[in-house]
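The primary structure of each chain is shown beneath.
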Amino acid sequence: MLFSCAIRQRINYYLQKNNMTIWKLYKASGIPKSTLFALMKDDAGLPNLDTLLHICEGFGITIKEFFNDDIFNDVEYDK
């Protein structure tokens, strides 16, 4: 699985876990809605670390918690 796909799946996991929409994540994280919607597209590529840190803040988790999942064990580099 591509690294960007794993990140999107993890974001979707936390959206569902916290009963959040992109709109609620935008309000909680301060990341523009357009950036969040673009990030969730299959061809979006990787978010920068700053964006990912703000997303984690919006979910109320640490970056360590975000990456603490087996989905990241066998990821491939996005080309």
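Scroll up to find the structure.
Bear in mind that the values here come from a model prediction, so they are computed numbers and not experimental data.

K.L.:
Honestly, the packing of helix α2 (residues 22-29) against helix α4 (residues 49-59) in this entry has me stumped. Any pointers?
P.N.:
Helix packing geometry: the angle between the two helix axes and the distance between the axes. The interhelical angle for the contact between α2 and α4, taken along N-to-C directions, is 100°, at an axis separation of 8 Å. Our classification of the angle between α2 and α4 gives roughly perpendicular. Note on element contacts: α4 touches α2 through His 54, Ile 55, Gly 58 and Phe 59, opposite Leu 25, Ala 28 and Ser 29. Looking at the contact of α2 with α4, its residues break down into 4 nonpolar, 3 polar and no charged.

K.L.:
Looking at this structure, I do not really get α2. What am I missing?
P.N.:
Working note: α-helix, 3.6 residues per turn, so residues spaced by three or four point in the same direction. Restricting attention to buried positions, one finds in α2 the residues Ile 22, Leu 25 and Ser 29. Across the axial projection of α2, the buried residues extend over an arc of 60°, all falling on one side. For α2, the elements touching its buried residues are α1 (3-17), α3 (33-39) and α4. Positive backbone phi, approximately 80°, marks Gly 30, located one or two places after α2.

Parameters and conventions
Residues numbered from 1 in each chain as written. Predicted model: local features only at pLDDT ≥ 70, side-chain atom pairs only at ≥ 80, totals over all residues. Heavy atoms only, no water. Axes fitted to C-alpha atoms, helices over the stretch in contact; angles between N-to-C directions. Helix = DSSP H or I, 4+ residues; strand = E, 2+ residues; numbered from the N terminus. Parallel < 35°, antiparallel > 145°, perpendicular 65-115°, else oblique. Contact = heavy atoms within 4.5 Å. Nonpolar A, V, L, I, M, F, W, Y, C, P; charged D, E, K, R; others polar. Buried < 20%, exposed > 50% of the residue type's maximum accessible area, 1.4 Å probe, protein only. Arc of directions from axis to C-beta.

Purely geometric stuff here, so don't read any function into it on its own.
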